[in-house]
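Observations on chain architecture
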Amino acid sequence: MKTINVEGLPEPVVRSLEVVVKAVREQVHTPVNPRPPVDLPIWPGKVIGDLTRRELYEDVR
């Protein structure tokens with residue numbers, strides 16, 4: 001399909017549709033290059049005690 005009939009739509013809606021089509025076109029034609037997985041650092045540690053949900057989020061109240 002090469003054209004879309006936007007007759008009767010307000011000008012701001014037509015401009016918005018143009019922006020959406022442009023964004024979709026860029027996404028489709030942009031090659032996807034996923035980054036390789038990264039090894040996250042690991043440190044030795046020990047369990048100090050149990051935490052309740054209330055203790056974890058007490059500073060957010």
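For the structure, check the block above.
Let us look at the structure shown here. (Residues numbered from 1 in each chain as written. Predicted model: local features only at pLDDT ≥ 70, side-chain atom pairs only at ≥ 80, totals over all residues. Heavy atoms only, no water.)

Overview of the overall build of the protein
Rules: Put simply, DSSP marks the helices as runs of H or I at least four residues long and the strands as runs of E at least two long, and each gets a number from the N terminus on. We compute the radius of gyration from the C-alpha atoms alone; for a globule the expected value is 2.2 Å times N to the 0.38, where N is the number of residues. Relative accessibility decides the category of a residue: with a 1.4 Å probe and only protein chains considered, values under 20% of the type maximum give buried, values over 50% give exposed, and everything between is partly exposed. Only the protein chains shown count as cover for residues, and the accessible areas themselves come from Shrake-Rupley with a 1.4 Å probe.
The helix and strand tally for the protein stands at two helices and zero strands. Against the globule reference of 10 Å for 61 residues, the protein gives a C-alpha radius of gyration of 26 Å, more extended than a compact globule. The dimensions of the protein, computed from C-alpha atoms along their principal axes, are 70 × 35 × 15 Å. Expressed as a percentage of its 61 residues, the buried residues of the protein come to 2%. Surface summary for the protein: the accessible area is close to 7000 Å², and the carbon and sulfur share equals 59%.

Details of the pattern of salt bridges
Close approach of charged atoms allows side chains with opposite charge to pair. To keep things clear, this is the line we draw: The salt bridge criterion pairs a side-chain nitrogen of Lys or Arg with a carboxyl oxygen of Asp or Glu, the two atoms within 4 Å.
Following the criterion strictly, the structure yields two salt bridges and no others. In this structure, E11 and R15 form a salt bridge, with 2.2 Å as the shortest nitrogen-oxygen distance. Placement of both E11 and R15 in helix α1 (residues 11–29) is noted, with a separation of four residues, approximately one turn of the helix. Given a relative accessible area of 40%, R15 falls into the partly exposed group. A salt bridge links R15 to E18; the shortest N-O distance between them is 2.7 Å. Taken together, the positions of R15 and E18, both in helix α1 and three residues apart, correspond to about one turn of that helix. Exposure remark for E18: the relative accessible area of 44% places this residue in the partly exposed category.

With respect to the environment of P34
Examined against the element boundaries, P34 turns out to sit in the loop between α1 and α2 (53–56). Judged by its relative accessible area of 68%, P34 is exposed.

Details of a nonpolar patch on the surface
Quick note on the threshold: Patch membership requires over 30% relative accessible area and the absence of a salt bridge. Like charges are linked within 9 Å, and nonpolar side chains (Val, Leu, Ile, Met, Phe, Trp, Tyr) within 5 Å.
On the surface, a nonpolar cluster with roughly 440 Å² of combined accessible area is contributed by L51, L56, Y57 and V60. Among the structural elements, L51 can be located in the loop between α1 and α2.

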